[in-house]
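Here's the letter readout for the chains.
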Amino acid sequence: SGVVSLTFWCSFCHSCRDVESRLDRFAREHKDQAVVAAIDASAGETAAGVQAVAKKTNLSLPILLDAPGKSADLFGVKATTTTVVIDGHGILRYRGRFQDGERVLAADAVQAVLAGKTVAQQETAQRG
């Protein structure tokens, strides 16, 4: 489908611990429909450090490493657990919180994009 959901994550973030198990499940649930990955854009992170935390927390989703933080700048991301959803044409369709309470906002956006519909809530406040 070409749909991509990236959630900004890092190994030392308390808000990431709050969403990462749900994020991992979200990635497994959508593995045949969209690319769902975490992206660590924190300065000083290393692949070994990220891998150690992923192993400790039983994360199986792909975690991309962008230590220079260019991806965060590109998408206007200011806080971890911010998620961006990009459609198959490379157009940003959602930017904001991964979830709000039990509601997974990223899933709502991905489902709308996969169905060829407009994402109802295209942006939410970033909190991390």
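If you're wondering where the values come from, they're calculated on a predicted model, not measured in any experiment. (Residues numbered from 1 in each chain as written. Predicted model: local features only at pLDDT ≥ 70, side-chain atom pairs only at ≥ 80, totals over all residues. Heavy atoms only, no water.)

Caption draft 1: View of the overall build of the protein chain. Counting secondary structure elements, the protein chain contains four helices and five strands. Reading the protein chain from its N end, one meets helices and strands in the order β-α-β-α-β-α-β-β-α. A globule of 128 residues ought to have a C-alpha radius of gyration of about 14 Å, and the protein chain, at 13 Å, matches this closely. C-alpha extents for the protein chain along the principal axes are approximately 40 × 25 × 25 Å. (Helix = DSSP H or I, 4+ residues; strand = E, 2+ residues; numbered from the N terminus. Rg over C-alpha atoms; globule rule 2.2 N^0.38 Å.)

Caption draft 2: Spatial organisation of helix H2 (residues 47-56). By the burial criterion, the buried members of H2 are Val-50, Val-53 and Ala-54. End-on, the buried residues of H2 take up no more than an arc of 100 degrees, which puts them together on one face. Structural note: H2 exposes Ala-48, Gln-51, Lys-55 and Lys-56 on the side pointing more than 90 degrees away from its buried face. Buried positions along H2 lie against helix H1 (14-29), strand S2 (35-40) and strand S3 (63-65). (Buried < 20%, exposed > 50% of the residue type's maximum accessible area, 1.4 Å probe, protein only. Arc of directions from axis to C-beta. Contact = heavy atoms within 4.5 Å.)

Caption draft 3: How the structure looks around the nonpolar core. Trp-9, Leu-23, Phe-26, Val-85 and Phe-98 are the most contacted members of the largest nonpolar core, which totals 29 residues. The element that contributes the greatest number of residues to this core is helix H4 (residues 105-114), accounting for seven residues. Residues Leu-6, Ala-37, Ala-72 and Ile-86 belong to the second largest nonpolar core, which totals nine residues. (Core = buried A, V, L, I, M, F, W, Y, C linked by side-chain atoms within 4.5 Å.)

Caption draft 4: Representation of the pairing of S2 within the structure. With five of six residues buried, S2 is to be regarded as a mostly interior element. Summarising the sheet, strand S1 (residues 4-8) and S2 pair through five bridges and their orientation is parallel. Paired with Val-4 across the two strands is Val-35, which belongs to S2. Following the backbone out of S1, through H1 and into the adjacent parallel S2, one traces a crossover that is right-handed. Two strands pair when backbone bridges link them, and S2 and S3 are joined in this way by three bridges, in the parallel orientation. Pairing of Ile-39 across the sheet is with Leu-64, part of S3. In this fold, S2 hands off to H2, which returns the chain to S3; that crossover is right-handed. (Pairing = 2+ DSSP bridges. Right-handed = clockwise from strand over helix to strand, strands pointing away.)

Caption draft 5: Inspection of unusual backbone geometry at higher detail. Even without being glycine, Asn-58 reaches a positive phi, approximately 60 degrees. Topologically, Asn-58 is positioned in the loop between H2 and S3. Asn-58 gets classed as exposed once you look at its relative accessible area, which sits at 63%. The backbone phi angle of Thr-81 is positive, close to 70 degrees, even though this residue is not glycine. Within the secondary structure, Thr-81 is located in the loop between helix H3 (70-75) and strand S4 (82-86). Look at Thr-81 and you get buried, because its relative accessible area is 6%.

Caption draft 6: Focus on the state of the cysteines. Tallying each qualifying case throughout the model produces zero disulfides. Of all cysteine sulfurs in the structure, the one in Cys-13 sits closest to Cys-10, which takes part in no disulfide; the separation is 4.6 Å. (Disulfide = S-S within 2.5 Å.)

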